[in-house]
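# Per-entry structural report
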Amino acid sequence: MKSIHLLLLLVVAGILFQCAPASNDSNKQAAVFQHEYQNTALPIEQRVNLLINELTLEEKIGLMENTATAVERLDIPQYNWWNEGLHGVARSAPATVFPQAIGMAATFNPDLVEQVATAISDEGRALYHAAIEKDIHKWYLGLTYWSPNVNIFRDPRWGRGHETYGEDPVLSGLIGASFVRGLQGNDEKYIKIAACAKHYAVHNGPEAKRHFFNAESNQKDLNETYLPAFKHLVDEGVAGVMCAYNRTNDEVCCGSPTLLLDVLRQQWGFEGYVVSDCGALYDFHEYHKISEDATQSAVMALKADVNVNCGSVYRHLDKAIEQGLVTEKELDAVLAKQLKIRFRLGMFDPQEDVPYSNIPLSVVGSDKHKELSRDVARQSMVLLKNDNNVLPLKKDLTQYYVTGNNAADVNVLMGNYYGVAKNYVTVLEGVANAVSPTSIVQYNQSVLLEQELEHTNTGQVWNAQFADVVIAVLGISPLYEGENGDTPFSKTGGDREKIELPANQLKLLRDLKEKCKDRPLIAVVMSGSAIAMPEVHELADAVLWAWYPGEQGGHAVADILFGDYSPSGKLPFTIYESTDQLGDFEDYNIAEGGWTYRYFNGEPLYPFGYGLSYNAVDYKLSGSNKVQMKEGGSVQVELEMTNKGKMIQNESVQLYVSKSDAGFITPISALKGIKNVTLASGESTKVSFVIDNETLSQIDMDGQKVLPKGAYKLFIGSSSPSNRLQALNVVKPLGFTVDVLE
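Residues numbered from 1 in each chain as written. Predicted model: local features only at pLDDT ≥ 70, side-chain atom pairs only at ≥ 80, totals over all residues. Heavy atoms only, no water.

## Describing the overall build of the chain
A tally of helices and strands in the chain yields 24 helices and 24 strands. Computed over its C-alpha atoms, the radius of gyration of the chain comes to 28 Å, within 12% of the 27 Å expected for a compact globule of 742 residues. Residues counted as buried form 61% of the 742 residues belonging to the chain. Taking the contacts inside the chain whose residues are at least 6 apart along the sequence as the reference set, 77% of them involve residues at least 24 apart. With the model as given, the accessible surface of the chain reaches about 28700 Å², and the carbon-plus-sulfur share is 49%. Distance between charge centres in the chain, computed from 64 positive and 92 negative side chains, equals 4 Å. (Helix = DSSP H or I, 4+ residues; strand = E, 2+ residues; numbered from the N terminus. Rg over C-alpha atoms; globule rule 2.2 N^0.38 Å. Buried < 20%, exposed > 50% of the residue type's maximum accessible area, 1.4 Å probe, protein only. Contact = heavy atoms within 4.5 Å. Areas by Shrake-Rupley, 256 points an atom, 1.4 Å probe, with all protein chains shown as cover. Lys, Arg positive; Asp, Glu negative; His and termini not counted. Charge placed at Lys NZ, Arg CZ, Asp CG, Glu CD.)

Structure follows, in structure tokens:
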């Protein structure tokens, strides 16, 4: 009997021992969770494999589309990978709307852009956690944002150019990397928001042909222009890359062994997820005609390591496996990369373990973020002309007349891929809020954006003769330029056939000038792409380029017009004099085709990097203007800057390199670095750049990075070293020479 009692005691003790808390963290965590993959003490790679081993083939395939299905037996809720955050949480709950991406690029200020992305990711995280607490798993409430867009804005006719950071690969890479840092955060374990670099690669119009177009590019242009910004973001640790609709050199971008396997995965070492642009896999068989059906298209994409299909083609993977075209093991390897992202976002972990889960909803559309939006907007705006210092205006003039198609339009504040803000401030409202309470402000729209010239009656233009100043708010809108299908006024699928300002607006400006006589005429131009407008330059006393400036855009315009802020924005693209200066829209040969400021031989209306201010900033080079450098070595170039004006000045210092005797075609000049400084009135500071092999290197015709010996011309200043600066009465950047020795 005693032996039976002893045996029972041993059994009970064993049971109690098994139920007791384990001594190590791994077992302690495992006891809490229902499924092994939920053990947060395990490495993510092991957790991913544990989850994959639990899934059926049907469940795996269901997780590989952007509308990832729920796996309730494993506690996996449904999830939609498609979320947008180009310049604010988009298409979701009301949130802060920041200036369009091209405007952020015009700040030439990566640190400021990182602040914007941090604000966006704060708002996105807060909305996500508030939603899942209510068991809401809707489209656009997720954590995988398909931003930023780092395609090169090759041609101003391309409708989606304003989603990008302009025409220069270095600027695009610097601004894009800052945006990625702000979105993804700096936690060692968890990603705050998963950023995605798009559209990979060689993608910039025409919009109407994007589903079947073949973008042909040589190796020089690929490695000098189209790919560097993407590589910069991969080096920054971007979580995702979106492959484009088009073909590049005959290979579909979402099935390209060259772009996806060789360059992205092998050469660059990208370990994140690749997502197809929406419907791109369908294009394989329907438009590109490179596969016979959806099953073959799914196989091509899977073998190219596309991890998420935005669309429904991956539903055919079960047939592909049945037919022996791919194996389930191959599918598992592709699935693992995207599941890792979901683990790194903390989607399968207790929310109290995720450091970003406690961001309060109060940050969404907060006063702090509104003020940041306003600050970014005014830093983005580019003063193109200011004859006789007509700006800034006084706030207590007797009468102001505000007119133009964009003066009171909310659409031009938002750009595209926008969210909805709770309070928008148009230019008209910004002016009305800025002036003296006793000043008269009159307004008439005068013209419509799409209005035939013969039917144009310029409204109450006679008001101009009574006003002390006329503010004409002109330009185009996102209804005119944008993505294929989103632009009701575009006749070419979102692109423009001509880049000239609409004729009815020129008529308005001429009529205003006639009435103004000797009173100031100010043109505020709102657009996301270059507008050929030499007549505006001639007629207006001052021209301010205001982009699509976000919800606080009207306040920002007023801040500049009335002198509360000195303009500091710089053009991230070239503004041409006419459409005639452009080449064939479908010609992707940058160097030989003369595209962008780096290879354009004509004289633009306004050059890349150009922008005036209310302060004169003096640049002086320290030391010799001729230095030597050994290959593999480096030299430091320093200059002193002094704000000679009466206002605080934010200044973007730009470094350009020119090498005209390399033995192959090279850029006329190319941006290599930027430094952003703020100077009080009368303040001086020193700025330096380190010049090394990377700074001076050139891309030859085979796409190889080389360092030709001999002299290199370098320029430091507030603009690119365009010959047009002389006609604009702007001092050229400082020039110096670096001689590379054997």
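## Focus: the environment of Leu561
Relative to the assigned elements, Leu561 resides in helix H20 (residues 553-561). Residues Leu561 and Phe608, spaced 47 residues apart in sequence, show a C-alpha to C-alpha distance of 23 Å.

## A word on the sheet that holds strand S12 (residues 469-475)
One open sheet holds the six strands; their spatial order is S9-S14-S13-S12-S10-S11, and the pairing between them is mixed. Among the strands making up the open sheet, the edge pair consists of strand S9 (382-386) and strand S11 (440-444). Across the sheet, the mean angle from the axis of one strand to that of its neighbour is 15°, orientation sign disregarded. (Pairing = 2+ DSSP bridges. Axes fitted to C-alpha atoms, helices over the stretch in contact; angles between N-to-C directions.)

## Some details on the pairing of S12
Every regular strand shows the same layout, with side chains that alternate between the two sheet faces. Most of S12 sits out of view: seven of its seven residues are buried. Here S12 shows no split at all, with Val469, Ile471, Val473 and Gly475 on one side and Val470, Ala472 and Leu474 on the other all buried. Bridge count for S12 against strand S13 (residues 521-526) is six bridges, and the pairing is parallel. Bridge pairing in S13 places Ala472 opposite Ala523. For the crossover that starts at S12, traverses helix H18 (residues 503-516) and ends in the parallel S13, the hand is right-handed. (Right-handed = clockwise from strand over helix to strand, strands pointing away.)

## Some remarks on the sheet that holds strand S18 (residues 649-658)
The five strands are arranged S16-S24-S23-S18-S19 in an open sheet whose pairing can be described as mixed. Since the sheet does not close on itself, it has two edges, and those belong to strand S16 (626-630) and strand S19 (670-679), each with one partner. For this sheet, the mean angle separating the axes of adjacent strands, direction not counted, is 25°. Sheet analysis places strand S23 (residues 710-717) next to strand S24 (residues 734-741), joined by seven bridges and oriented antiparallel. Bridging from a neighbouring strand, Ile716 pairs with Leu734 of S24.

## Focus: the state of the cysteines
Going through the model one piece at a time under the given rule, you end up with two disulfides. Two residues, Cys243 and Cys254, share a disulfide whose sulfurs are 2.1 Å apart. When the S-S torsion is 105°, as for the bridge of Cys243 with Cys254, the disulfide is right-handed. Note that Cys243 is positioned in strand S5 (residues 240-243) and Cys254 in the loop between strand S7 (251-252) and helix H10 (257-267), a separation of eleven residues in sequence. As far as burial versus exposure is concerned, Cys243 and Cys254 are alike and both buried. (Disulfide = S-S within 2.5 Å.)

## Here's the deal with helix H12 (residues 294-303)
Helical periodicity: at 3.6 residues per turn, an α-helix aligns residues three or four positions apart in one direction. Judged by how many residues are buried, H12 sits mostly within the fold: seven of ten residues are covered. Those residues of H12 hidden inside the fold are in contact with helix H11 (280-288), helix H13 (317-322) and helix H14 (328-344). The residue sitting at the N-terminus of H12 and contributing the capping side-chain oxygen is Asp293; that oxygen lies 3.2 Å from the backbone nitrogen of Thr295. (Polar contact = N/O pair within 3.5 Å; in protein donor to acceptor, adjacent residues only side chain to side chain.)

## A few points about the packing of helix H17 (residues 427-434) against H20
Two numbers describe a pair of packed helices, the interaxial angle and the distance between the axes. Across the interface, H17 lies against H20 with an axial gap of 7 Å and an inter-helix angle of 50°. One way to sum up the angle between H17 and H20 is to call them oblique. By crossing handedness, the relation of H17 to H20 is classed as right-handed. For the pair H17 and H20, the contacting residues are Val427, Gly430, Val431, Asn433 and Ala434 in the first and Gly554, His555, Val557 and Ala558 in the second. Residues that form the contact of H17 with H20 fall into these classes: five nonpolar, four polar and no charged. (Parallel < 35°, antiparallel > 145°, perpendicular 65-115°, else oblique. Left-handed = near helix turned anticlockwise from the far one by under 90°. Nonpolar A, V, L, I, M, F, W, Y, C, P; charged D, E, K, R; others polar.)

## Let's talk about the nonpolar core
Among the nonpolar cores identified, the biggest contains 140 residues, and Trp146, Tyr200, Leu264 and Tyr314 are the most heavily contacted of them. In this structure, Tyr200 is in contact with Leu227, Phe230, Val241, Met242, Cys243, Ala244, Cys253, Leu259, Leu260, Val263, Leu264 and Trp268, ignoring residues within four places of it in sequence. Core analysis: the next-biggest nonpolar cluster, separate from the first, contains 83 residues, Val431, Val461, Ile476 and Val543 among them. (Core = buried A, V, L, I, M, F, W, Y, C linked by side-chain atoms within 4.5 Å.)

## Concerning the packing of aromatic side chains
Counted under the stated rule, the structure contains 25 aromatic pairs. With centroids separated by 4.6 Å and ring planes inclined at 15°, the aromatic side chains of Trp139 and Tyr140 adopt a geometry described as stacked. With a centroid separation of 6.4 Å and an interplanar angle of 75°, the aromatic rings of Tyr282 and Tyr287 are classed as edge-to-face. Overall, Tyr282 belongs to the partly exposed group, its relative accessible area being 41%. What links up through ring pairs into an aromatic cluster is the set Phe153, Trp158, Trp545, Trp547 and Phe573. The ring of Tyr712 has Lys659 lying over it, and the distance from NZ or CZ to the ring centre is 4.6 Å. (Phe/Tyr/Trp six-rings, centres within 6.5 Å; stacked < 30°, edge-to-face > 60°. Lys NZ or Arg CZ within 6 Å of the ring centre and 35° of its normal.)

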